[in-house]
Amino acid sequence: MSRFGRTGQLIRLNFRRDRFRILMWIVLLAALMASVAWKFEDIYGSTSEINAIKSTLESPGIVAMFGAFSFTGKVTTAEIFANEMLLFMALIQVVMNLALSVHATRAEEDLGITELVRAHAVGTLAPLAAAASELILVNGVLGVLYSLGLSAANMPGASTEGNWLIGLGLAATGLLFGILGLLTAQVADHSSSATGLAYTLFGVSYLARMITDVQHPKLTWWSPLGWVEKLAPYNNPHWSPIWLSLGLAAILLWLAFLANNHRDLGAGAITTRPGRDHASAFLRGPASLVWRRQRNVIIAWIVAVIIFGIAYGTVFNTIGDILKTNPTMQRVFGSAMVHEANHQVLLSFTSLLSIVMAAVAIIPGMQLILKVHSDETRGWLEALYARPLSRTHLLFSYVGIAFVTSTLAFIGGLGGIVVMGDASLTHTADGISAAEFWQGIAAQLPEIWVFLALTVLLVGCWPRVKAFSWFYLALGFISVYMGGLLKLPKWTEKITPTGWMTRVPLHDVNWTTFSWMIVLAIVLVIIGWVGYRRRDLQMS
């Protein structure tokens, strides 16, 4: 029997299992790319609009978020589109690939499904080969749809080569990180560790790209995520980043097969440390059990968000040093006014980053709340409910830890930005004060809590539509992260909590908004709690 025996049948089985998940991702991503491209000429069609946004895109703050791109000659609408959308779409596609890769391998192994499959006449490497084939096909289809959508949009300055370069470049980047997910699934001994390790490596690549883009753009070649920036599809097309991505993906896939060959089913090179012979005195209830199971993930998320914030803080001196970019301003306006201008630039940058950090900090808390339903459907809560344990106690064990985790992650992330940013400044007086830092914390905590409370509501009352919480968070992130550059209507910012509070610390906290958002979060949690107590449990 070949090691790859029955791979074709497993590929068909995988697509049948993931058809709705894959269809949702393909429709959303392809529609997002095509709709933005179709609208872009109306947004940046004139020379004045292009020149205005060009200077903005070249500022260090925007370079840190969207990447560094070179403009040569007369800048076109298509070049502005590539600058704004390439890295953004690559980030979303990486998230999709990591989710699909770990779900198709280690998650299936954790549930015992892979063992049932391997009990039949199936090659030992067939499940991994089927997962890799699924990633190749999904990314290939997306790449073709991207290219066709861009060709149909026919933006000024676009070319057929550039359109296909974007489509295939994004497909190659997504596939590279998807294969990385397959490798971490072989190295780790359960799905949470595999996901955490994959996102850690993804984060390292993103941080390397961000720092090098701002300070030494030529060094961005050392970050796999930075390769997508080097495509330069509409001014100086380069195909080498695609070959680099595919070559590295092939090497990682070979390593994944090698690791799979040298491990037992259910095992991994990074193993979970054995527990103590006797339970700790603190292991006395569902809250301590949730913490015990999720502590590595929680700690990893908090540390990762802090590092993320520190990395953004390293570019403070580059962003806020107006004296360096325009020395004549000090002679014309005076030193005090120039330093105040530096301070305002940093306040504006920090205000935007605080919303981004809040969106990132929401993710681990939302994952913990959603585990209430996933643990329930897998039957893992059945042993707990067999004991004298109330639903209220169990629900708030998950919810309480989720709220604390997201809160600490946000405080740590924003603290990393401010502490590292102030430390990097040449003129320390230009930095963010402690009062401004705590204002930023106060402004975003209600937003975080409302998103988490909505997730509690969905899990408690309508668990079948719990995925809406991810869609709602993504909508809020896009409206803030891309809203200004895409010139989205102002009302789009008000759809989600990300746009309800004024930009703080650039502006003062609106305590009225703060109060009713807190009340809204409490109401949503109460409704979710009542729903969870009344609905039927979905034990497998």
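Residues numbered from 1 in each chain as written. Predicted model: local features only at pLDDT ≥ 70, side-chain atom pairs only at ≥ 80, totals over all residues. Heavy atoms only, no water.

J.: How should I be thinking about the overall build of the chain in this particular structure?
T.: A count of helices and strands for the chain gives 20 helices and zero strands. Residues counted as buried form 53% of the 540 residues belonging to the chain. Once local pairs closer than 6 in sequence are excluded, the contacts in the chain between residues at least 24 apart make up 80%. For the chain, the exposed area adds up to about 24,000 Å²; of that, 66% sits on carbon and sulfur atoms. (Helix = DSSP H or I, 4+ residues; strand = E, 2+ residues; numbered from the N terminus. Buried < 20%, exposed > 50% of the residue type's maximum accessible area, 1.4 Å probe, protein only. Contact = heavy atoms within 4.5 Å. Areas by Shrake-Rupley, 256 points an atom, 1.4 Å probe, with all protein chains shown as cover.)

J.: Is there a simple way to explain helix 10 (residues 286-313) in this structure?
T.: Helical geometry: 3.6 residues make up each α-helical turn, so side chains three or four residues apart lie on a common side. With 28 residues, helix 10 extends 38 Å from end C-alpha to end C-alpha; this agrees with the ideal 40 Å at 1.5 Å per step. Most pronounced at Gln294, the bend in helix 10 amounts to some 65°. (Expected span 1.5 Å × (residues − 1). Bend = angle between axes of the 7 residues up to and from the residue.)

J.: Any chance you could explain the pattern of salt bridges here in plain terms?
T.: Opposite charge on two side chains allows them to pair when their charged atoms are near. Taken as a whole and assessed by the stated rule, the structure comprises ten salt bridges. Glu109 is paired through a salt bridge with Arg106; the nearest N and O atoms lie 3.4 Å apart. Note that Glu109 and Arg106 are positioned in helix 4 (residues 77-110) at a spacing of three residues, about one turn of the helix. Of the two residues, Glu109 and Arg106, neither departs from the other in class, the shared state being buried. (Salt bridge = Lys/Arg side-chain N within 4 Å of Asp/Glu carboxyl O.)

J.: Just to check I follow, could you spell out the environment of Leu253 for this structure?
T.: Within the fold, Leu253 resides in helix 9 (residues 240-261). For Leu253 and Leu128, which are 125 residues apart along the polypeptide, the C-alpha to C-alpha distance reads 9.4 Å. Sequence-distant contacts of Leu253, that is, excluding residues within four places in its chain, are made with Ala132, Ile179 and Leu182.

J.: How do you make sense of unusual backbone geometry when you look at a structure like this?
T.: If a residue is not glycine, its phi is most likely negative; likewise, a peptide bond is most likely trans. The phi dihedral of Asn154 is positive, around 55°, even though this residue is not glycine. Checked against the element boundaries, Asn154 lands in the loop between helix 6 (126-153) and helix 7 (160-187). The phi torsion at Ala232 lies on the positive side, around 45°, for a residue other than glycine. With respect to the secondary-structure elements, Ala232 resides in the loop between helix 8 (191-215) and helix 9. Look at Ala232 and you get buried, because its relative accessible area is 15%.

J.: I tried to follow the packing of aromatic side chains on my own but got confused; where do I start?
T.: Across all of its chains, the model carries twelve aromatic pairs by this definition. Aromatic side chains Phe40 and Phe81 sit 5.3 Å apart centroid to centroid with 85° between the ring planes, which places their arrangement in the edge-to-face category. Of this pair, Phe40 sits in helix 1 (residues 7-43) while Phe81 sits in helix 4; the two residues are 41 residues apart in sequence, bridging distant segments of the chain. For the pair Phe40 and Phe81, a shared accessibility class is recorded, and that class is buried. Members of the aromatic cluster, connected to one another through ring pairs, are Phe451, Phe468, Phe471 and Tyr472. The ring of Tyr206 has Arg209 lying over it, and the distance from NZ or CZ to the ring centre is 4.7 Å. The ring of Tyr532 carries the charged tip of Arg391 above its face, separated from the ring centre by 6.0 Å. (Phe/Tyr/Trp six-rings, centres within 6.5 Å; stacked < 30°, edge-to-face > 60°. Lys NZ or Arg CZ within 6 Å of the ring centre and 35° of its normal.)

J.: For this particular structure, what's the right way to read the packing of helix 16 (residues 391-424) against helix 17 (residues 434-461)?
T.: For any two helices packed against each other, the geometry comes down to the angle between their axes and how far apart the axes lie. Packing of helix 16 against helix 17 leaves a shortest axis separation of 10 Å and a crossing angle of 150°. As far as their axial angle goes, helix 17 and helix 16 are roughly antiparallel. Between helix 16 and helix 17 lies a crossing whose hand is right-handed. Note on element contacts: helix 17 touches helix 16 through Phe437, Gly440, Ile441, Gln444, Leu445, Ile448, Trp449, Leu452, Ala453 and Val456, opposite Val399, Ala402, Phe403, Ser406, Thr407, Phe410, Ile411, Leu414, Gly415 and Val418. In the contact of helix 16 with helix 17, the residues fall into 15 nonpolar, five polar and no charged. (Axes fitted to C-alpha atoms, helices over the stretch in contact; angles between N-to-C directions. Parallel < 35°, antiparallel > 145°, perpendicular 65-115°, else oblique. Left-handed = near helix turned anticlockwise from the far one by under 90°. Nonpolar A, V, L, I, M, F, W, Y, C, P; charged D, E, K, R; others polar.)

J.: Explain the confidence of the model for the chain to me, please; I cannot follow it from the model alone.
T.: Interpreting fine coordinate detail is not advised for predicted regions of low pLDDT. On average, residues of the chain carry a pLDDT of 84, and 90% of them reach 70 or more. Ignoring residues within four places in sequence, the model shows residues 322-334, a span with pLDDT below 50, making 15 contacts including any to other chains. (pLDDT = per-residue confidence, 0-100.)

J.: Help me understand the nonpolar core, please; the structure alone is not making it clear to me.
T.: Burial of nonpolar side chains together is a common tendency in soluble globular proteins. Counting 146 residues, the largest nonpolar core has Phe81, Ile166, Leu170, Ile179, Tyr312 and Phe410 as its most contacted members. It is helix 14 (residues 335-377) that contributes the most residues to this core, 18 residues altogether. Sequence-distant contacts of Ile166, defined by excluding residues within four places in its chain, comprise Met33, Phe81, Ala82, Leu86, Leu150, Pro233 and Tyr234. (Core = buried A, V, L, I, M, F, W, Y, C linked by side-chain atoms within 4.5 Å.)

J.: How should a nonpolar patch on the surface be read in this particular structure?
T.: Taken together, Val141, Val144, Leu145 and Leu148 make up a surface patch of nonpolar side chains, about 290 Å² in accessible area. When you line up the elements, Leu145 lands in helix 6. Classification of Leu145 as partly exposed rests on a relative accessible area of 35%. (Patch = residues over 30% accessible without salt bridge, like charges linked within 9 Å, V, L, I, M, F, W, Y side chains within 5 Å.)

J.: Would you take a moment to explain the environment of Thr220 for this structure?
T.: By the element assignment, Thr220 lies in the loop between helix 8 and helix 9. Note on Thr220: relative accessible area 0%, which makes it buried. Taking C-alpha positions, Thr220 is 9.2 Å from Ala68, a pair spaced 152 residues apart along the chain. Among the polar contacts listed, one links the side chain of Thr220 to the side chain of Asp213, at a separation of 2.8 Å. (Polar contact = N/O pair within 3.5 Å; in protein donor to acceptor, adjacent residues only side chain to side chain.)

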